[in-house]
Amino acid sequence: MTAPTEDTSTMSAECALAQRPGYWKLHQECRQTRDISLPHGRGILLIPRCTCSHHCYSSPR
């Protein structure tokens, strides 16, 4: 029987690794806390923010 896991495909590399036992402190190293748009890209995201449930996004930036 396996434990349920979160989908890590939309997380930063740090938060995806932090899902593994012993690496939980890596959530603090995540720098993808906001969406970064492609300059002159008309809404195209260059880097999307991390979707990890450990981040608190109380207000959009």
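Residues numbered from 1 in each chain as written. Predicted model: local features only at pLDDT ≥ 70, side-chain atom pairs only at ≥ 80, totals over all residues. Heavy atoms only, no water.

Side note on the overall build of the protein chain
Scanning the protein chain for helices and strands turns up 1 helix and 2 strands. Sequence-ordered secondary structure for the protein chain, helices as α and strands as β, is α-β-β. For the protein chain, the residues scored as buried account for 16% of the 61 residues in total. The contacts of the protein chain with a sequence gap of at least 6 include a subset with a gap of at least 24, amounting to 31%. Accessible surface computed for the protein chain: about 5,300 Å², of which carbon and sulfur atoms make up 53%. (Helix = DSSP H or I, 4+ residues; strand = E, 2+ residues; numbered from the N terminus. Buried < 20%, exposed > 50% of the residue type's maximum accessible area, 1.4 Å probe, protein only. Contact = heavy atoms within 4.5 Å. Areas by Shrake-Rupley, 256 points an atom, 1.4 Å probe, with all protein chains shown as cover.)

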